[in-house]
Amino acid sequence: MNINKVCVLGGTGFVGSAIVSKLAAMGIKTRLISRHPERHRDLLVLPNVEVVEADVNDFNRLSYYLHNIDAVINLIGILNDNTLDGAGFRRMHIDFPKLLVQACQKNNIKRLVHMSALHADAGTAPSHYLRSKGEGENHLHIYSDKGIQITTFRPSVIFGPNDDFFNRFAKLLKVTPLICPVPRANSRFAPVFVGDVADSIVKHLTDPNSNGLRIDLCGPHTYSMMEIMQYTASVLGIKRKFIALPDRLSRLMAHMSDIANSIPLISPAMNMLIPGFKEARFSIDNYRSLLVDSVCDDAETQKTAIEDIVPQYLGEQNSQHRYDKFRSGA
Ligand SMILES: NC(=O)c1ccc[n+]([C@@H]2O[C@H](COP(=O)([O-])OP(=O)(O)OC[C@H]3O[C@@H](n4cnc5c(N)ncnc54)[C@H](OP(=O)(O)O)[C@@H]3O)[C@@H](O)[C@H]2O)c1
């Protein structure tokens, strides 16, 4: 498949930046559509990258920027929704892909790669996040028989510098006193490295045999939430006593977090008053997503383990490491 110019939606985000770097290195031109292009000037240093400003939910603007594009990669997604009925998730994970596929048809685009999530399922998933991801994915795959080659990626949690996983836990641990309660402590993950995710997406982008595939992506090892927290603390060089929260308390904590976030001004005030409040956000929808272990049964298992990469970016924050660096520089 001959692809010269790709539009990456959500290309300014954590996964998007990794993909855009790889496409740039391959000499493929990329157009990124962002709500805030001024925040992403760093991406402009990459060759053949353009960042344009638009609201992707505006069909005319979206269509305009898909002109002369050979393939689209859609990474737009949200993990938290301020509505309690899942309307925000449905808007971005179902309504937006529907709009996008129409805009692709209008511009005669024949290749669409879409980012979903592991265990997304329109019918049986326990959370709005996973159900909406599943429904969006199903809708797009109808078009793989209608002239658009569709491939969906379904990763477990993704890690790497600037992730919202280990970095969030690190911030939280630094402000948590000696005892740290862990909700859903037995929930399991198979963290997959962002570089491996980007490699897989870029590899499949030009492969015509990928049409119709839904590809699960997992890292080489699985860990419980408790193990992830303990590992993060060990990389940071801080000692905490971790306590697994009983399930009822995990749910209560999630409900309280949603209530605090739904009251105007309460959330910003809490962020100012309570260190770590923002990082500790754990909604009832997050809780429900964790009822399904984020591990693969049958997947493209990727090679890079958390132990290969996480110390490179969290280790900088280790107090002993900072002290050694200061001493060697003195
Ligand atoms: N990170 C993970 O662990 C993980 C795991 C499984 C699946 N995924 C999926 O992978 C995709 C990428 O994740 P990520 O971690 O890279 O996310 P991210 O860093 O939050 O980036 C998301 C991107 O989507 C755009 N976006 C967000 N909300 C939007 C809205 N309301 N309207 C328009 N654009 C919006 C943002 O662009 P602008 O702000 O520039 O407009 C941003 O570039 C998502 O679909 C996510 O659900 C991620």
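Residues numbered from 1 in each chain as written. Predicted model: local features only at pLDDT ≥ 70, side-chain atom pairs only at ≥ 80, totals over all residues. Heavy atoms only, no water.

Asks: Explain the site of the ligand residue by residue, including any values.
Replies: Surveying the vicinity of the ligand reveals 22 residues, the closest of which are Thr12, Val15, Ser34, Lys133 and Ile158. Within the backbone of Gly13, a nitrogen or oxygen atom sits 3.0 Å from an oxygen atom of the ligand. A distance of 2.9 Å separates an oxygen atom of the ligand from a polar atom in the backbone of Ile158. Broken down by secondary-structure element, the contributors of at least two residues to the shell around the ligand are α1 (14-25) and α4 (128-141). The class makeup of the residues in the shell around the ligand is 12 nonpolar, 8 polar and 2 charged. (Near = heavy atom within 4 Å. Polar contact = N/O pair within 3.5 Å; in protein donor to acceptor, adjacent residues only side chain to side chain. Helix = DSSP H or I, 4+ residues; strand = E, 2+ residues; numbered from the N terminus. Nonpolar A, V, L, I, M, F, W, Y, C, P; charged D, E, K, R; others polar.)

Asks: Could you give an account of the pairing of strand β6 (residues 149-155), naming the residues involved and the relevant values?
Replies: Among the 7 residues that make up β6, 6 are buried, leaving the element largely enclosed by the rest of the structure. By the bridge criterion, 5 bridges tie strand β5 (residues 111-115) to β6 in an arrangement that is parallel. Each bridged residue has a counterpart across the sheet, and for Met115 the counterpart in β6 is Phe153. Chirality of the crossover, the property in question, places the unit of β5, α4 and β6 among those that are right-handed. Taken together, the 4 bridges between β6 and strand β11 (residues 214-218) define a ladder with parallel strand orientation. When the sheet's bridge partners are listed, Thr152 is paired in β11 with Arg214. (Buried < 20%, exposed > 50% of the residue type's maximum accessible area, 1.4 Å probe, protein only. Pairing = 2+ DSSP bridges. Right-handed = clockwise from strand over helix to strand, strands pointing away.)

Asks: How would you summarise the state of the cysteines if you had to cite specific residues and measurements?
Replies: The final tally for this structure, using the stated rule, is 1 disulfide. Here Cys218 connects covalently by a disulfide to Cys296, the sulfurs 2.0 Å from one another. Between Cys218 and Cys296 the sulfur-sulfur dihedral comes to about 90 degrees; the bridge is accordingly right-handed. Taken together, the residues span a long stretch of sequence, with Cys218 in strand β11 and Cys296 in the loop between α10 (284-289) and β14 (300-301) at a distance of 78 residues. Overall, Cys218 belongs to the buried group, its relative accessible area being 2%. Here Cys104 stays free of any disulfide, with the sulfur of Cys7 as its closest cysteine sulfur at 8.7 Å. (Disulfide = S-S within 2.5 Å.)

Asks: With reference to specific residues and values, describe helix α11 (residues 306-314).
Replies: Given 3.6 residues to a turn, an α-helix orients residues that are three or four positions apart in the same direction. Those residues of α11 not exposed but buried are Ile306, Ile309, Val310, Tyr313 and Leu314. The arc that holds every buried residue of α11, seen down its axis, measures 110 degrees, which confines them to one face. Against the buried residues of α11 lie β7 (158-159), α5 (166-175), β10 (192-193), β12 (223-224) and α7 (225-236). (Arc of directions from axis to C-beta. Contact = heavy atoms within 4.5 Å.)

Asks: If you had to explain the environment of Pro208 to someone new, which residues and values would you point to?
Replies: Here Pro208 lies in the loop between α6 (194-205) and β11. Note: C-alpha distance between Pro208 and Arg111 (97 residues apart in sequence) is 9.2 Å. Contact partners of Pro208, with chain neighbours within four places excluded, come to Met1 and Gln149.

Asks: Now, about the environment of Gly160: what can you tell me, with residues and values included?
Replies: For Gly160, the position within the fold is in the loop between β7 and α5. Exposure remark for Gly160: the relative accessible area of 0% places this residue in the buried category. When the C-alpha positions of Gly160 and Val310 are compared, they lie 6.8 Å apart, and in sequence the two are 150 residues distant. Here Gly160 is in contact with Phe14, Asn167, Phe193, Val194 and Tyr313, once residues within four sequence places are set aside.

Asks: How would you summarise a nonpolar patch on the surface if you had to cite specific residues and measurements?
Replies: Judged by side-chain polarity, Leu178, Ile179 and Ile243 come together as a nonpolar surface patch covering roughly 300 Å² of accessible area. Examined against the element boundaries, Ile243 turns out to sit in strand β13 (residues 241-244). (Patch = residues over 30% accessible without salt bridge, like charges linked within 9 Å, V, L, I, M, F, W, Y side chains within 5 Å. Areas by Shrake-Rupley, 256 points an atom, 1.4 Å probe, with all protein chains shown as cover. Salt bridge = Lys/Arg side-chain N within 4 Å of Asp/Glu carboxyl O.)

Asks: Which residues make up the sheet that holds strand β3 (residues 49-53), and what values do they have?
Replies: Spatial ordering of the open sheet is given by β3-β2-β1-β4-β5-β6-β11-β14, a layout of 8 strands whose pairing is parallel. The sheet is open, and its two borders are formed by β3 and β14, each paired with just one other strand. By the bridge criterion, 4 bridges tie strand β4 (residues 71-74) to β5 in an arrangement that is parallel. Paired with Ala71 across the strands is Arg111, a residue of β5. Those strands touched by helix α3 (residues 87-106) are β1 (5-9), β4 and β5, and its axis lies near 175 degrees from that of β4. Against the sheet, α4 contacts β5, β6 and β11, and its axis sits at roughly 160 degrees relative to β6. (Axes fitted to C-alpha atoms, helices over the stretch in contact; angles between N-to-C directions.)

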